[in-house]
There are 2 protein chains.
Amino acid sequence: MTRMSLIVTGSIGIDTIDAPTGKAEDVLGGSAIYFAAAASFFGDVRLVAAVGDDFPDRHLDTFRHFNVNLDGLERRRNSRTFRWHGRYRDDMNQRDTLAVELNVLAEALPPVPQHYRDSRYVFLANTHPAGQIALLEHFPKAELVVADTMDLWIDNERETLLDLLRRVDGLVLNYEESFQLTGKSNAVVAAEAIHEMGPTFVVIKKGEHGSLLSYRGDDGHGLAALPAFAARDVVDPTGAGDTFAGGMLGYLAGEAGGEISLRSLRKAMALGTVVASYTIESFSLDRLKQITRGDLDGRLRSFCEMLTVD
Amino acid sequence: MTRMSLIVTGSIGIDTIDAPTGKAEDVLGGSAIYFAAAASFFGDVRLVAAVGDDFPDRHLDTFRHFNVNLDGLERRRNSRTFRWHGRYRDDMNQRDTLAVELNVLAEALPPVPQHYRDSRYVFLANTHPAGQIALLEHFPKAELVVADTMDLWIDNERETLLDLLRRVDGLVLNYEESFQLTGKSNAVVAAEAIHEMGPTFVVIKKGEHGSLLSYRGDDGHGLAALPAFAARDVVDPTGAGDTFAGGMLGYLAGEAGGEISLRSLRKAMALGTVVASYTIESFSLDRLKQITRGDLDGRLRSFCEMLTVD
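Bear in mind that the values here come from a model prediction, so they are computed numbers and not experimental data. (Residues numbered from 1 in each chain as written. Chains lettered and ligands numbered in written order. Predicted model: local features only at pLDDT ≥ 70, side-chain atom pairs only at ≥ 80, totals over all residues. Heavy atoms only, no water.)

### Brief notes about the sheet that holds strand β8 (residues 95-101) of chain B
All names here are of chain B. As a reminder, the rule being used: Should DSSP find at least two bridges between two strands, the strands are regarded as paired. Put simply, DSSP H or I for four residues or longer makes a helix, DSSP E for two residues or longer makes a strand, and each gets a number counted from the N terminus. Inter-axis angles, ranging from 0 to 180 degrees, are taken between N-to-C directions of lines fitted to C-alpha atoms, where helices are fitted over the stretch in contact.
Within the open sheet, the four strands sit side by side as β3-β2-β7-β8. Their pairing is mixed. Strand pairing shows two members of the sheet lacking a second neighbour, β3 (22-29) and β8, which therefore form its edges. In this sheet, adjacent strand axes meet at a mean angle of 15° when their direction is disregarded. Sheet analysis places strand β2 (residues 13-19) next to strand β7 (residues 82-88), joined by six bridges and oriented parallel. Counterpart to Gly13 in the pairing with β7 is Phe82.

### Points about the relation of the copies chain A and chain B
Heads up, the condition is: Superposition of the copies used a least-squares fit over C-alpha atoms from residues whose pLDDT is at least 70 in both. Contact criterion: two residues are considered in contact whenever any of their non-hydrogen atoms come within 4.5 Å of each other.
The transform that puts chain A on chain B rotates by 180° and translates by 0.0 Å along the axis, for an RMSD of 0.0 Å. Put plainly, the chains are arranged around a two-fold axis. A share of 100% of the interface residues of chain A reappears at the interface of chain B, consistent with the copies meeting face to face through the same patch.

### Observations concerning a nonpolar patch on the surface
Residues and elements named next belong to chain A. To be explicit about the condition: Surface patches are drawn from residues lacking salt bridges whose relative accessible area is over 30%; two like charges belong together within 9 Å, two nonpolar side chains (Val, Leu, Ile, Met, Phe, Trp, Tyr) within 5 Å. Computed with the Shrake-Rupley method and a 1.4 Å probe, the accessible areas treat only the protein chains shown as cover for residues. Any carboxyl oxygen of Asp or Glu within 4 Å of a side-chain nitrogen of Lys or Arg constitutes a salt bridge here. Burial classes follow relative accessibility: with a 1.4 Å probe on protein chains only, a residue under 20% of its type's maximum area counts as buried, one over 50% as exposed, and anything between as partly exposed.
Taken together, the side chains of Val100, Leu102 and Leu105 present a nonpolar region at the surface, about 250 Å² in accessible area. By secondary structure assignment, the location of Leu105 is in the loop between β8 (95-101) and β9 (121-124). Of the residues examined, Leu105 reaches a relative accessible area of 33% and is grouped as partly exposed.

### Overview of the packing of aromatic side chains
Residue and element names in this part refer to chain A. The line we're drawing: Between 30 and 60 degrees the pair is tilted, below 30 it is stacked and above 60 it is edge-to-face, where a pair is any two Phe, Tyr or Trp rings, Trp via its six-membered ring, whose centres lie within 6.5 Å. Put simply, a charge is over a ring when the Lys NZ or the Arg CZ is close to the ring centre, within 6 Å, and near the line of the ring normal, within 35 degrees.
Under the definition given, this model contains ten aromatic pairs over all chains. Residues Phe41 and Phe66 carry aromatic rings whose centres are separated by 6.4 Å and whose planes lie at 80° to one another, so their mutual orientation is edge-to-face. A residue pair is termed long-range when its members are at least 10 positions apart, and Phe41 in the loop between α1 (31-39) and β4 (45-52) and Phe66 in the loop between α2 (57-65) and β5 (68-69) qualify at 25 residues. With respect to class, Phe41 is no different from Phe66; both count as buried. Arranged with centres 6.4 Å apart and planes meeting at 45°, the rings of Phe229 and Phe303 form a pair that is tilted. In this pair, Phe229 sits in the loop between β14 (220-226) and α8 (240-253) while Phe303 sits in helix α10 (residues 293-306), placing the two residues 74 residues apart along the sequence. Just as Phe229 is buried, Phe303 falls in that class too. Above the plane of the ring of Tyr278 lies Arg299, whose end atom (NZ or CZ) is 3.7 Å from the centre.

### A few points about the pattern of salt bridges
One side chain can pair with another of opposite charge once the charged atoms of both are near each other. In total, this model carries 50 salt bridges over all chains according to the counting rule given. The partner of Asp118 of chain A in a salt bridge is Arg46 of chain A, with the nearest N and O atoms 2.7 Å apart. Separated by 72 residues along the polypeptide, Asp118 of chain A in the loop between β8 and β9 and Arg46 of chain A in strand β4 bring together distant segments of the chain. Asp118 of chain A sits in the partly exposed class, given a relative accessible area of 34%. Judged by its relative accessible area of 7%, Arg46 of chain A falls in the buried class. The closest approach of N and O atoms between Asp18 of chain B and Lys23 of chain B, which form a salt bridge, is 3.3 Å.

### A closer look at the side chain of Asn186 of chain A
Where we set the bar: Here a polar contact is recorded for every N or O atom pair within 3.5 Å, except that within protein the pair must consist of a potential hydrogen donor and a potential acceptor, and residues adjacent in sequence are included only if both atoms are side-chain atoms.
Relative to the elements of secondary structure, Asn186 of chain A occurs in the loop between α6 (175-182) and α7 (187-197). Here the side chain of Asn186 of chain A touches Val189 of chain A through a polar contact of 3.0 Å, landing on its backbone nitrogen.

### Some details on helix α8 (residues 240-253) of chain B
The test is simple: The span one expects for a helix is its residue count, reduced by one, times 1.5 Å.
Here α8 of chain B contains 14 residues, and its C-alpha end-to-end distance of 20 Å stays within 8% of the 20 Å for a straight helix at 1.5 Å per residue. The buried fraction of α8 of chain B amounts to twelve of the 14 residues, a majority that puts the element mostly inside the structure.

### Remarks on the nonpolar core
As a rule of thumb, soluble globular proteins bury nonpolar side chains together. Threshold: Residue types Ala, Val, Leu, Ile, Met, Phe, Trp, Tyr and Cys, when buried and joined through side-chain atoms within 4.5 Å, form a set referred to as a nonpolar core.
Counting 206 residues, the largest nonpolar core has Ile12 and Leu47 of chain A together with Ile12 of chain B as its most contacted members. Non-local contacts of Leu47 of chain A, meaning those with residues more than four positions away in its chain, are made with Ile7, Val8, Ile12, Ala32, Ala36, Phe63, Val68, Asn69, Leu70, Gly72, Leu73 and Tyr116 of chain A. Counting residues in each nonpolar core, the second largest holds ten residues, with Ile17, Ala19, Phe82 and Phe283 of chain B among its members.

Printed below as a string of structure tokens:
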């Protein structure tokens, strides 16, 4: 087991998903869960998150399948777990939120265990940017801090989000959100504007269209662009973005030994792409539970083959 | 000059383009023009198309800049050239047609010179599929036939289009059109359905999100996926898809010596991507007029670097 000192903070949810491919009721979800499961293929992962006393034991068993340290999981009495009910449309690239209950996410942040203070790699999964900043302060030894965000905070908490961006090394966000944050309408130009806000690297997630990286490090500047893994059997896209980020950070914190360069980031994106391609083959973490690190390497070879030009 | 026996049939237009980046009035456009200019970097290209007697001499001078044989260009008396007026929205990924005059495109097909009958590589740029079939019959020695099509024909001329698809080796079409043609909502599944209609290879163009290839040849089956060249200076996206196809077919008919394999198709897509990335840097053919084959190779290296995973 690789010792990674990688920590993720974020949400754990109980999801209900309606899709043209079927329905999943009260399954395990949430950004931190998807991230942690994906990153755990590369080593141990620490988790800081809260659930309510309604959280089913069977979901705890799922955690235990992955290399996720649960010391930072708070099971809060007299509170309820975050719940989300979404419906995918026929083309699976669009979804509508039918119901959302913030529950424990609307309360105090979960406590961070004292022995997590030495975490070197920190992923702040999407939540209120004030919460992300508050959590970050628990990790004074962080060498690499990456955050995710979303349209809601870009619109309603812009100043706080800009404060967060001054404190992170990397930002991961969706394609449309990159335009919303910057007022630009070209992904490369948007990434340049985000560099000016602080991050050394920006990863723009485009779902089925892949991802774009812009890097401005001390060792040079550059771009990377990767397609998604061309998949024919998409059952449930939920968690694709979070497992993409989990695969990326898992690789960077694990095998790459914390090296941040255009080369290590490209490889990280490719591994994130591959993990995400498994995620969407089933509901919740069902598919990720079935695979091993060796499967990831096999699909990585197929993926590289798809984009080899010689 | 490589002898390619590559012929393109399609439209020549006089375009007026409004974009956030500027306005271009009465410039040279049309699918066949963009294709031919792009393919001509790889060898000589034959063109079959018609214009009216309003066609300006200055546009003929532009043709002469490229290696395009004009024996099949009909300048029809008492007719007018196809005209298109489009406006790009702020985000440049959406455009509206403000005015279109079919003019000569609504009349008889242009005659095909007798000495073009030995053409081995045929690209049927987008037009009515009945016209594409009629033109194809002039090339009995064709070894590789590739067609482009569009939403209009998928909706209104489906049976004729299906007849065409039984006669071609390759089909090039837009992402949304692949769903429209097949009723599927996943690009890989849509490509499989299109193989059943006839083509050995299907290229799905996704604009700024790159392209996807599905190949079912005698030597094997496979997929290729490439991002677009990450560009920050997009002036006018008009012609990107046609020059992508022109770069692809130019390479296949030229340097690849007609070899059709997953490997040659991938390289062809990469070169098509690179030519298209130049096209959009200016209006009309302005940017393509400034570059050489050496520029394409240079940018191909940058492109491959962007997607190298090691």
